[in-house]
Amino acid sequence: MDIYSDIKYIVGVGPKMAEALNKCGIYNVLDLLLYFPRDYEQVSAGKSILECVESEKVIVECNVLNILKDLRLKNNKTLSTIVFTQGENKFKGKWFNQTYAKNSFKISNNYIITGKVNKFNGEITMMNPKIVKNTSMDTTNSIDTNNSVDTNKIIATYPLKNNVTNNFFNKIISDVLCNIEITEILPKWILEKYGFCSLDDATRNIHSPKSLELLNQSKRRLKFQELFTYSLKILMLKEFIKSHNEGIQFKIAPELTTLKGKLPYELTKAQSKVVREILIDQKKDKGMNRLLQGDVGSGKTIVAIITMFNVVKNGYQAAMMAPTEILAKQHYEEIQKVLKDFPLTIQLLCGSTSPKDKELIKRQLKEGTIDIIIGTHALIEDNVEFKNIGMIVTDEQHRFGVSQRNRFSNKGKNVDILVMTATPIPRTLSLYLYGDLDVSIIDELPPGRQTIDTSYESMDSSKKVYEFALNEIKKGRQVYIVCPLVEENEEMNLTSVQELYEKLKEGYFSSIEIGMVYGKVPSKQKNEIMDRFKAGEIKVLIATTVIEVGVNVPNATVMIIENSERFGLAQLHQLRGRVGRGVHKSYCILLANIKNKIVKKRLEVLIKSNDGFFIAEEDLKNRGAGELFGFKQSGESGLLLADVIEDFNILKLANSEAKQLLQSDNIEDIKVKNEILEKIDQSSNYICFN
Ligand code: ADP
Ligand code: MG
């Protein structure tokens, strides 16, 4: 077995399970090892079942003494019972109508199980116990024959779905760890300088920690490695761009003047300045690599349109990629409107484009008959080729990973690259994250924008808030309601999109048209709902953050955010930017647990300020409450463990060591560098340590 072995070769993984794991994104051993735990449960040493109190939810270690015959009860229920022992003590596990549950247990085997304790007449039972771990199979964690629990155990819990149980997952991970040795990748001098444990140890301890201390050491090392590789990649890219930076020398097309006269509005000073900066880049014989930052609603799209137009008028093609179909479609409509007087061929390519149209568009792109293409990730597929692409724009670039960005850029030779974001990343941080880019900033909103009336309300006042929304709808306006993403097994008191939709459809909004969009809704349906919302047919749109980026519906004036303490400030600010885009007075209402002083204080930043940069700085200052503050780059950036803000100090160190390594002419270092380079290239999906 090696890290690239298919998971179906792991003992116990049948075809069905392999399929379920594939659905979690796990195809080979490496994917499995990179599927990091969400959390850990600690089994306290020597916690005896006798010490547990009535109704307590516990994790205990025990042994199976006997599996009793199922009992058919009068009320048509079936009762299954297992007798467990823990040292001298006995207790029963019971299940109603789950006759299969007992099949996971074997007599005389040891398990760590969890469940709620019932104590009645001196008899102890646990209802519906679940296996956390089968400890009999696990040699490293074996327990004494006399069954006393004598070790502290930390058990990983994974964010699983599709019927993959935590117990099973832990089991295959420990099987894999028994059969594999992971080779070190970091140079020795780094390991020594920071006292890092080996990659092999770190991988073992992040999945199956021997102690809290080892777990923390492992996390620190893996985060460093991730950010080190990330930095190496950014720095190498910068180096590469410097040395290979031949660009296309575009002219300033005379038609630009015509276009200027036909724009639907006058550009703001800041927009004109940025257009100029980009045109200057285009005139140079060097390639452009520019990051355009501008708050929500500052008008970045038009800047992209104007500069893409110039490229097209020079005889080249231009492409623009957005993170969601909703957004791509919106850009497509906007660009058609702005450039309607010019005979250009503009097309849209998304995941939901029909196969027939896709084929046609791809052919036309290759033949060069399409001038401008707008699209989603569909644009970075391998078989999308251009005849002569001259400029590539990535919108909301923080939603894409470095490797996706690169794959997009590699669609052409010497192309000009513009990436745009509304996330105001403080300078100090952007230097490390986007070291390969020049930065332009739009620091002014178009005239006539009103400030959005922002307030918070406690979750119990939602009635008042919905009534207010209803009132606005009566005036002809529209409303967004945003809910946090709720994971299947989250037990907290959170409202999910579906729940709220049902509730409101039957309650407050029973007489009006409401719609719902979230990640899992198929894109065709999503588009339909968005179209109907834009057309004003749907009055209330209930959504997750899929609407966070860029959506533009000027008639929408109310943004209600449920459980707003779950979002980062920068994210809330982005959401707020969905309203206040038209002539009507707009409102943003943050529903939150404002009895909590910290929550209240944080939200006050938004009430006081409308400046995205200020809000981002405050967010950065107030961090410490972990995920509460959102902005986790994982997933999108390819970072699986590290968080660029929380782990900023590690990022700084990693960046400086990466520079050191790149400059080194020590043979060992060159070897390490090449190995990392090769691995980065091999599988661009992870920037992490593959
Ligand atoms: P973002 O920077 O968030 O991507 P958009 O490009 O979507 O912002 O622009 C937001 C809205 O502002 C759009 O409806 C756009 O047409 C409008 N807009 C952009 N620039 C101006 C301007 N100079 N004057 C008036 N409206 C503008
Ligand atoms: Mg935008």
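Please read all numbers here as calculations on a predicted model, not as lab measurements.

Q: Explain the overall build of the chain to me, please; I cannot follow it from the model alone.
A: Scanning the chain from terminus to terminus reveals 21 helices and 21 strands. Across the 690 residues of the chain, 56% fall into the buried class. For the chain, the share of sequence-separated contacts (at least 6 apart) that also reach a separation of at least 24 residues comes to 73%. Summed over all atoms, the accessible surface of the chain reaches about 32300 Å², with 50% contributed by carbon and sulfur.

Q: Just checking my understanding: could you explain the site of ligand 1 for this structure?
A: Around ligand 1 there are 17 residues in total, and Gly297, Lys300, Thr301, Arg449 and Asn552 lie nearest to it. The separation between an oxygen atom of ligand 1 and a polar side-chain atom of Tyr265 is 3.3 Å. Residue Gly299 places a main-chain N or O atom 3.1 Å away from an oxygen atom belonging to ligand 1. Among the residues forming the shell around ligand 1, the class breakdown is four nonpolar, seven polar and six charged.

Q: Looking at this model, I keep getting lost on the environment of Ser523. Mind explaining?
A: With respect to the helices and strands, the residue Ser523 is situated in helix α16 (residues 523-534). Distance in space between the C-alpha atoms of Ser523 and Thr353 is 9.8 Å, their sequence separation being 170 residues.

Q: For this particular structure, what's the right way to read the pairing of strand β9 (residues 289-294)?
A: Within a regular strand, side chains alternate between the sheet's two faces. Counting buried residues along β9, six of its six residues qualify, which places the element largely inside the surrounding structure. Burial along β9 is two-sided: the face carrying Asn289, Leu291 and Gln293 and the face carrying Arg290, Leu292 and Gly294 are both buried. Pairing of β9 with strand β14 (residues 416-421) involves five bridges; the strand directions are parallel. In the strand pairing of β14, Asn289 is matched with Ile417. Relative to strand β15 (residues 438-442), β9 is paired through five bridges, and the arrangement is parallel. Paired with Gly294 across the two strands is Ile442, which belongs to β15.

Q: So what exactly am I meant to see when it comes to the side chain of Asp200 here?
A: Position of Asp200 among the secondary structure elements: in helix α5 (residues 199-207). With a relative accessible area of 14%, Asp200 lands in the buried category. Of note is the side chain of Asp200, whose polar atom sits 2.9 Å from the side chain of Arg204. Those residues in contact with Asp200 that lie beyond four places of it in its chain are Ile180, Glu181 and Ile182.

Q: When you look at helix α18 (residues 597-608) in this model, what are you seeing that I'm missing?
A: Working note: α-helix, 3.6 residues per turn, so residues spaced by three or four point in the same direction. For α18, with twelve residues, the first-to-last C-alpha span of 16 Å sits near the 16 Å given by 1.5 Å per residue. Turning to α18, its buried residues are Val599, Arg602, Leu603, Val605 and Leu606. On an axial view of α18, the arc spanned by its buried residues comes to 130 degrees, and they lie on one face. Opposite the buried face of α18, by more than 90 degrees, sit the exposed residues Lys597, Lys601 and Lys608. A side-chain oxygen of the first residue of α18 lies 2.9 Å from the backbone nitrogen of Ile598; this N-cap is Asn596.

Q: Hey, could you run me through the sheet that holds β9 in this one?
A: Sheet strands pair via backbone hydrogen bonds, and the direction of the pair is either parallel or antiparallel. In space, the seven strands of this open sheet follow the order β11-β12-β10-β13-β14-β9-β15, with parallel pairing throughout. What marks the edges here is a single partner per strand, and that holds for β11 (346-349) and β15. Strand-to-strand, the axes of this sheet are offset by a mean angle of 20 degrees, without reference to chain direction. Helix-sheet contacts for helix α11 (residues 355-367) involve β10 (317-321), β11 and β12 (372-375), and the interaxial angle to β11 is about 130 degrees.

Q: Can you help me understand empty space enclosed by the protein in this one?
A: A complete count under the given rule lists six cavities of 30 Å³ or more for this structure. In this structure, the largest cavity occupies an estimated 160 Å³ of space. Looking at the largest cavity, it is lined by 14 residues, and the ones nearest its centre are Val296, Leu445, Ile452, Gly577 and Val579. Taken together, the residues of the lining of the largest cavity break down into four nonpolar, six polar and four charged. Two domains share the lining of the largest cavity, each providing at least three of its residues, namely domain 3 (255-442) and domain 4 (453-609).

Q: Where do I start with the packing of aromatic side chains in this structure?
A: Geometry of an aromatic ring pair is reported as the spacing of the ring centres plus the angle between the planes. Applying the stated rule across the entire model yields 16 aromatic pairs. Taken together, a centroid distance of 4.5 Å and an interplanar angle of 55 degrees make the contact between Tyr158 and Phe169 tilted. In this pair, Tyr158 sits in the loop between β8 (153-157) and α3 (166-178) while Phe169 sits in helix α3, placing the two residues eleven residues apart along the sequence. An identical accessibility class is assigned to Tyr158 and Phe169; each is buried. Here Lys77 stacks its cationic end above the ring of Phe96, 5.6 Å away from the centre of that ring.

Q: Looking at this structure, how should I read the sheet that holds strand β19 (residues 540-543)?
A: Pairing within the open sheet is parallel, and its six strands lie in the order β16-β21-β20-β17-β19-β18. Of all strands in the sheet, those bounded by a partner on one side alone are β16 (453-458) and β18 (514-517). The mean inter-strand angle of the sheet, taken between neighbouring strand axes irrespective of direction, is 20 degrees. Alignment of β18 against β19, held across four bridges, turns out to be parallel. Opposite Gly515, over in β19, you have Leu541 as the bridge partner.

Q: Any chance you could explain the packing of helix α9 (residues 300-313) against helix α10 (residues 325-338) here in plain terms?
A: To characterise two packed helices, one gives the angle between the axes of the helices and the distance between these axes. Taken N-terminus to C-terminus, the directions of α9 and α10 make an angle of 55 degrees; their axes are 11 Å apart at the nearest point. Considered as vectors, α9 and α10 are oriented oblique to each other. For α9 against α10, the interelement crossing comes out right-handed. Touching Thr301, Ile302, Ile305 and Met308 of α9 are His331, Glu334, Ile335 and Val338, all from α10. When its residues are assigned to classes, the contact of α9 with α10 shows five nonpolar, two polar and one charged.

Q: Help me understand the nonpolar core, please; the structure alone is not making it clear to me.
A: The nonpolar side chains of a soluble globular protein tend to be buried with one another. Counting residues in hydrophobic clusters, the biggest one holds 64 residues, and the most contacted among them are Leu21, Phe169, Phe224 and Phe228. With ten residues, the single largest contributor to this core is helix α6 (residues 212-243). Excluding residues within four positions of it along the chain, Leu21 makes contact with Ile7, Val13, Ile26, Val164, Phe169 and Ile172. Counting residues in hydrophobic clusters, the runner-up holds 43 residues, among them Ile248, Ile278, Met320 and Val338.

Parameters at a glance
- Numbering of residues starts from 1 in every chain and runs along the sequence as written.
- Working convention: letters from A go to chains and numbers from 1 go to ligands, in the order in which they are written.
- Residue-level local features of this predicted model are given only where pLDDT is at least 70; pairs of side-chain atoms are given and counted only at 80 or more, and the full residue set underlies all totals for whole chains, interfaces and linings.
- To obtain the side-chain values, all non-hydrogen atoms of the structure were included, while hydrogens and water were left out.
- The secondary structure listing takes helices from DSSP runs of H or I that are at least 4 residues long and strands from runs of E that are at least 2 residues long, numbered from the N terminus.
- The buried label goes to any residue with under 20% of its type's maximum accessible area, the exposed label to any with over 50%, and the partly exposed label to all in between, with areas taken from a 1.4 Å probe on protein chains only.
- Whether two residues are in contact is decided by their heavy atoms, any of which lying within 4.5 Å being enough.
- Only the protein chains shown count as cover for residues, with accessible areas throughout obtained via the Shrake-Rupley method and a probe of 1.4 Å.
- Whether a residue is near a molecule or strand is decided by its heavy atoms; if any one of them lies within 4 Å of it, the residue is near.
- Between N or O atoms, a polar contact is any pair within 3.5 Å; within protein, one atom must be a potential hydrogen donor and the other a potential acceptor, and residues adjacent in sequence are included only when both atoms are from side chains.
- Residue type decides the class: Asp, Glu, Lys and Arg count as charged, Ala, Val, Leu, Ile, Met, Phe, Trp, Tyr, Cys and Pro as nonpolar, and the leftover types, Gly among them, as polar.
- Two strands pair if DSSP finds at least two bridges between them.
- Any helix carries an expected span of 1.5 Å times its number of residues minus one.
- Working definition: the arc comes from the directions between the helix axis and the C-beta atoms, pointing outward to the latter.
- The convention used is that axes are lines fitted to C-alpha atoms, helices contributing only their stretch in contact, and that angles between N-to-C directions extend from 0 to 180 degrees.
- The definitions used throughout rest on a 1 Å grid laid over the protein atoms alone, on which a cavity is an enclosed set of points accommodating a 1.4 Å probe that cannot get out and a pocket is an open set flanked by protein within 12 Å on both sides along at least five of seven lines; lining residues are those having an atom within 4 Å of a point.
- Grid points are joined across faces, edges and corners, and a volume is the space filled by probe spheres set on the points.
- Residue ranges labeled as domains rest on an automatic or database domain assignment.
- Aromatic contacts are taken between Phe, Tyr and Trp rings whose centres are within 6.5 Å, Trp giving its six-membered ring; a plane angle under 30 degrees counts as stacked, one over 60 as edge-to-face, and the others as tilted.
- To sit over a ring, a charge needs its Lys NZ or Arg CZ within 6 Å of the ring centre and within 35 degrees of the ring normal.
- When describing relative orientation, an angle under 35 degrees is termed roughly parallel and one over 145 degrees roughly antiparallel, while 65 to 115 degrees is termed roughly perpendicular and anything else oblique.
- Crossings are sorted by hand: turned counterclockwise from the far helix by less than a right angle, the near helix makes the crossing left-handed, and turned clockwise it makes it right-handed.
- We call a set of buried Ala, Val, Leu, Ile, Met, Phe, Trp, Tyr and Cys residues a nonpolar core when their side-chain atoms join them within 4.5 Å.

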